[in-house]
Amino acid sequence: MLNIDSISKGIVIDHIKAGVGFSIFQHLDLDKVDYTVALIINAPSKKYGRKDLIKIENNMDLDLKILGFIDPNITINIIEDEEIVEKINLSLPEKVEGLISCKNPRCITSVEKDIVNRFVLMDREEGSYRCDYCDHIYTWEGLR
Ligand SMILES: [Zn+2]
């Protein structure tokens, strides 16, 4: 039986914005793994009211840049012997490459399909990004 309150060894992805947990679950291909995984939706949170969280009973490599882009408020807890041995707070990455497309139809990346899209963080507070090719500016919400 899966104990959803604690795991002895693995990773807890915590403070996921409510409603975003399922897309992270899919992004990490957690429906295809053979170890225990729990996706918890709408858990009560002191900080955000409601949150999603994912518990993974295994060690796996996580792309912290991509996860930070999907949700910069995420906390990652590394668990060993039922204790948190490492806590990682994510943030918006300085650069995002090959993950999202520029929506400007005149951008070279819209025309030349083999160019890898690249966005550069402009303002961390606003969460705005600039296309490195056409200088088109996007808000973080508008890109996702
Ligand atoms: Zn562009």
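Source: prediction; values computed, not measured.

(A) Here's a closer look at the overall build of the protein. Within the protein, the secondary structure is distributed over 4 helices and 9 strands. Dimensions along the principal axes, computed over C-alpha positions, put the protein at roughly 55 × 30 × 25 Å. Burial status across the protein gives 42% buried among its 144 residues. Summarising the internal contacts of the protein: among those between residues at least 6 apart in sequence, 56% fall at separations of at least 24. Carbon and sulfur atoms make up 48% of the accessible area of the protein, which totals about 8,700 Å². Side chains of the protein carry 18 positive and 25 negative charges; the gap between the two charge centres is 6 Å.

(B) Quick look at a negative patch on the surface. Judged by side-chain charge, Glu80, Asp81, Glu82 and Glu83 come together as a negatively charged surface patch. Take Glu83: it is sitting in strand S5 (residues 83-89). Taking relative accessible area as the criterion, Glu83 reaches 54% and is therefore assigned exposed.

(C) Seen up close, the nonpolar core. Grouped together as the largest cluster of nonpolar side chains are 20 residues, with contacts concentrated most on Ile13, Ile24, Ile54 and Ile76. Among the secondary structure elements, those contributing two or more residues to this core are strand S1 (10-17), helix H1 (21-27), strand S3 (49-56), helix H2 (64-70) and strand S4 (75-80). If you look at the next biggest cluster of nonpolar residues, it comprises 13 residues, including Leu92, Ile100, Leu121 and Tyr138.

(D) Looking closely at the environment of Ile70. Among the secondary structure elements, Ile70 is positioned in helix H2. Residues Ile70 and Glu141, 71 residues apart in the sequence, show an inter-C-alpha distance of 9.6 Å.

(E) Spatial organisation of the pattern of salt bridges. Overall, the coordinates contain 8 salt bridges when judged by the stated rule. The partner of Glu94 in a salt bridge is Arg124, and the shortest N-O contact between them spans 2.9 Å. In this pair, Glu94 sits in the loop between S5 and strand S6 (95-97) while Arg124 sits in the loop between strand S7 (118-123) and strand S8 (128-131), placing the two residues 30 residues apart along the sequence. Across the salt bridge formed by Arg130 and Asp135, the nearest N and O atoms sit 3.0 Å from each other. Among the ionic contacts, a cluster of salt bridges with common partners joins Glu97, Arg118, Arg130, Asp132 and Asp135.

(F) Spatial organisation of the packing of aromatic side chains. Tallying each qualifying case throughout the model produces 2 aromatic pairs. Their ring planes at 85° and their centres at 5.5 Å tell us that Phe69 and Tyr129 sit as a pair that is edge-to-face. Here Phe69, found in helix H2, pairs with Tyr129, found in strand S8; they are 60 residues apart in sequence, far enough to count as distant. Residue Phe69 is classed as buried on the basis of its relative accessible area of 3%. For Tyr129, a relative accessible area of 0% corresponds to the buried category. Plain terms: the ring middles of Phe119 and Tyr138 are 5.7 Å apart, the flat faces sit at 75° to each other, and that makes the pair edge-to-face. One end of the pair, Phe119, is in strand S7; the other, Tyr138, is in strand S9 (residues 137-139), and 19 residues separate them in sequence.

(G) Looking closely at the coordination of the zinc ion. Bound to the zinc ion are the protein donor atoms Cys102 (SG), Cys107 (SG), Cys131 (SG) and Cys134 (SG), situated 2.3 to 2.4 Å from the metal. Around the zinc ion sit 4 donor atoms; with metal-centred angles ranging over 103 to 113°, the donor geometry is tetrahedral. By relative accessible area, Cys107 is classed as buried at 0%. Residue Cys131 is classed as buried on the basis of its relative accessible area, which comes to 0%.

Cut-offs and rules
- Residues numbered from 1 in each chain as written.
- Predicted model: local features only at pLDDT ≥ 70, side-chain atom pairs only at ≥ 80, totals over all residues.
- Heavy atoms only, no water.
- Helix = DSSP H or I, 4+ residues; strand = E, 2+ residues; numbered from the N terminus.
- Buried < 20%, exposed > 50% of the residue type's maximum accessible area, 1.4 Å probe, protein only.
- Contact = heavy atoms within 4.5 Å.
- Areas by Shrake-Rupley, 256 points an atom, 1.4 Å probe, with all protein chains shown as cover.
- Lys, Arg positive; Asp, Glu negative; His and termini not counted.
- Charge placed at Lys NZ, Arg CZ, Asp CG, Glu CD.
- Patch = residues over 30% accessible without salt bridge, like charges linked within 9 Å, V, L, I, M, F, W, Y side chains within 5 Å.
- Salt bridge = Lys/Arg side-chain N within 4 Å of Asp/Glu carboxyl O.
- Core = buried A, V, L, I, M, F, W, Y, C linked by side-chain atoms within 4.5 Å.
- Phe/Tyr/Trp six-rings, centres within 6.5 Å; stacked < 30°, edge-to-face > 60°.
- Donors = N, O, S within 2.8 Å, 3.2 Å for Na, K, Ca; no water.
- Tetrahedral: all angles 85-135°; square planar, octahedral: opposite > 155°, others 65-115°.

Coordinates in, geometry out; function isn't part of it.
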